[in-house]
Amino acid sequence: MTKQKPARVRFAPSPTGMTHLGSARTALYNYLLAHQTNGQFILRIEDTDRKRYNPESEIDLISSLKWLGLNWDEGPDIGGPYAPYRQSERKDIYQSYAQKLIDMGYAYPCFCTQNRLNELRKEQQKRKVNPKYDRKCRDIPPLEAAKRVANGESHVIRFKTPLTGSITVHDYLRGDITVNNKQLDDFIIVKSDGLALYHLAAMVDDHLMGITHVFRGEEWLSTFPFHAHIYRAFGWEEPVWIHLSVFLNPTGKGKMSKRFAQQMRLKGNSIFIKDIRKMGYIPEGVINWIVLMGWSFDDKTEFFTLNDLVNNFSIDKLNPSPAAIDFKKLDYFDGLHIRALSKSELAKRLKPFYLKAGYSIDDSVLDKVIPLIQVRLHTLNEAPEISGFFFADHVNPNPNDLIGKHLTIDESIIAAHESYKLLSDLTEFSPSSLEQPLRQLAEKLGLKAGQLFGILRVAITGQKVSPPLLESMEIIGKETVLNRITIAIDLLKSIEGQPNQS
Ligand code: GLU
């Protein structure tokens, strides 16, 4: 690890919707930089847009971050030396900084009514020019403006963007970006209700909270010059600005939109952390998946734990090109991390999923099942699906699935029956004691081992695909195996006379 100055970084979401992987990735990069530099990771809630603020979304945010293991050092719930960490509680701070800008000649109250602004916009649209404030109030003498404010006249506060020259801002991933000031608006920093907008609030907070690196979405690039203007008006040292790449939808064509996300959700794929968690992905897999959407270590290493990432993450290897979301990779990484869990940890995590699926769990059985399924799982949710039969009182095979491949119902009944006889005579019930006798039986019946095992698999597990059969039989035990074969024979008899549908 290189010795770097401790970074103070913040994740500053506006809780307006469910936490998605974009926010999780931003939080993750913040967390990694803070941890690898022995710095601090701050959670700041940007809730000044009271109309869009949604308290449930804040609860979802906190639980998603905690589930991912991205704990913060300072935040609204735990406090810290720069509290409050919720913007709605910092209104007075922003107002005092807005006033400072007015006093320094960098901002002015604007008394234009919404009506006037609407007319102005319409007229500009007609002329096909970019809608911009015409700066009518910019030249009101400060004393007069102050008087009108004191008289309670409704107003917003606008930044006095220079009319000439240009501003060069520096994004860590993209380098210098120069914009003509002429193109910029006199943007609003405080609304008529006295609440500061992001352009002012976030800058004031980042400065006061000693933020050294700002990770935020690429969508903020267009207003980046505003933010630099604010910093420079105050003469503050700017943080390192890092604008993260956007996500493309899984087709790779087009940005990931809210609408697309909802459509995907209906098809069973979700970008929302809450859904991903419910689907049985584990945080380790999700972290590994999202960290690589915009960052790489080299072109071959792909397995990372959070700890590995703290050691290996580097902002120099962030990639500004858009990242397409690939759900197959999520399955892949989640599978890798499920395999990396200890057996007892996996058992602990699987239990709620079995319970949710309606199974009651015998711990000693679960301990034996884990080694059979661990290598097969991509999500915890798959476990009850592929191994619920170990915990079920009965299995319900589809009778037609009990018909052996290329066999008639009668032949299948005979095979099941002969297996029953053979198994009931066995005193030992382990894969090694089961294998030879069953293979010999298949031969005696003129069947391929696969045909016989197929019938037994469906009879015993209720499924056409299952964990290894003989190992499964050992865990289930002789008595239950024999019961299930008896039921299978009855089921086969019940469809005798019907056309063979195997
Ligand atoms: N509240 C802003 C958002 O949710 C934060 C942007 C930033 O990190 O500066 O997009």
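For the structure, check the block above.
Parameters at a glance
- Residues numbered from 1 in each chain as written.
- Predicted model: local features only at pLDDT ≥ 70, side-chain atom pairs only at ≥ 80, totals over all residues.
- Heavy atoms only, no water.
- Near = heavy atom within 4 Å.
- Polar contact = N/O pair within 3.5 Å; in protein donor to acceptor, adjacent residues only side chain to side chain.
- Areas by Shrake-Rupley, 256 points an atom, 1.4 Å probe, with all protein chains shown as cover.
- Nonpolar A, V, L, I, M, F, W, Y, C, P; charged D, E, K, R; others polar.
- Helix = DSSP H or I, 4+ residues; strand = E, 2+ residues; numbered from the N terminus.
- Buried < 20%, exposed > 50% of the residue type's maximum accessible area, 1.4 Å probe, protein only.
- Lys, Arg positive; Asp, Glu negative; His and termini not counted.
- Salt bridge = Lys/Arg side-chain N within 4 Å of Asp/Glu carboxyl O.
- Contact = heavy atoms within 4.5 Å.
- Pairing = 2+ DSSP bridges.
- Axes fitted to C-alpha atoms, helices over the stretch in contact; angles between N-to-C directions.
- Parallel < 35°, antiparallel > 145°, perpendicular 65-115°, else oblique.
- Left-handed = near helix turned anticlockwise from the far one by under 90°.
- Phe/Tyr/Trp six-rings, centres within 6.5 Å; stacked < 30°, edge-to-face > 60°.
- Lys NZ or Arg CZ within 6 Å of the ring centre and 35° of its normal.

Participant: If you had to explain the site of the ligand to someone new, which residues and values would you point to?
Facilitator: As a matter of local geometry, the ligand sits amid Arg10, Ala12, Pro13, Ser14, Glu46, Tyr198, Phe215, Arg216 and Trp220. Within the side chain of Arg10, one N or O atom sits 2.6 Å away from an oxygen atom of the ligand. The contact in question runs from a nitrogen atom of the ligand to an N or O atom on the side chain of Glu46, over 2.6 Å. Taken by itself the ligand offers 290 Å² of open surface, and the protein chains cover 82% of this. Class assignment of the residues belonging to the shell around the ligand gives a composition of 5 nonpolar, 1 polar and 3 charged.

Participant: Just give me the short version of the side chain of Ser430, but keep the residues and values in it.
Facilitator: Relative to the helices and strands, Ser430 resides in the loop between helix H16 (409–425) and helix H17 (431–444). Side chain to side chain, Ser430 and Glu428 meet in a polar contact 3.3 Å long.

Participant: Lay out the side chain of Arg484 in plain terms, naming residues and giving numbers.
Facilitator: By the element assignment, Arg484 lies in helix H20 (residues 478–494). Here Arg484 occupies a buried position and makes no salt bridge, while the nearest side chain of opposite charge, Asp393, is found at 6.9 Å. Discounting residues that sit within four places of it in the chain, Arg484 has contacts with Phe389, Ala392, Asp393, Val395, Ala459, Ile460 and Ile476.

Participant: How would you sum up the sheet that holds strand E7 (residues 188–190)? Please name residues and give values.
Facilitator: Ordered by their spatial adjacency, 3 strands build an open sheet running E3-E4-E7, and the pairing between neighbours is antiparallel. Each of the sheet's edge strands pairs with one partner strand only, and the pair in question is strand E3 (107–110) and E7. Each neighbouring strand pair of the sheet contributes to a mean axis angle of 40°, computed without reference to strand direction. Bridge analysis of strand E4 (residues 156–159) against E7 gives 2 bridges, and the strand direction is antiparallel. By the bridge assignment, Ile157 is partnered in E7 with Val190. The strands that helix H3 (residues 91–103) touches are E3, E4 and E7; relative to E3, the one it contacts most, it runs at about 105°.

Participant: Which residues make up the packing of H16 against H20, and what values go with them?
Facilitator: Packing of H16 against H20 brings their axes to within 10 Å, and their N-to-C directions diverge by 160°. It follows that H16 is roughly antiparallel to H20 by the angle criterion. Remark: the crossing between H16 and H20 carries left-handed chirality. Facing Ile409, Ser412, Ile413, Ala416, His417, Tyr420, Leu423, Ser424 and Asp425 of H16, the residues of H20 in contact are Lys478, Val481, Leu482, Ile485, Thr486, Ile489, Leu492 and Lys493.

Participant: Give me the lowdown on the environment of Cys110, citing residues and values where you can.
Facilitator: When you line up the elements, Cys110 lands in strand E3. For Cys110 and Phe11, which are 99 residues apart along the polypeptide, the C-alpha to C-alpha distance reads 32 Å. Among all residues touching Cys110, those that are not within four sequence positions of it are Tyr133, Cys137, Ser154, His155, Val156 and Arg158.

Participant: Tell me about the environment of Lys278, residues and numbers included.
Facilitator: Among the secondary structure elements, Lys278 is positioned in helix H9 (residues 273–278). Residues Lys278 and Glu123, spaced 155 residues apart in sequence, show a C-alpha to C-alpha distance of 51 Å. Among residues more than four places away in sequence, those in contact with Lys278 are Phe353, Lys356 and Asn381.

Participant: Got a sec to walk through the packing of aromatic side chains? Specific residues and values, please.
Facilitator: The final tally for this structure, using the stated rule, is 20 aromatic pairs. Between the aromatic rings of Phe187 and Phe226, the centroid separation amounts to 3.9 Å while the plane-to-plane angle is 20°, which identifies the pairing as stacked. Remark: Phe226 occurs in helix H7 (residues 224–234) and Phe187 occurs in the loop between strand E6 (175–180) and E7; sequence separation between them is 39 residues. Each of the two residues, Phe187 as well as Phe226, counts as buried. Cluster of aromatic residues (ring-pair linked, three or more members): Tyr29, Phe215, Trp295, Phe297, Phe304 and Phe313. For Arg148, the ring lying beneath its charged end belongs to Phe111, and the centroid distance is 4.1 Å.

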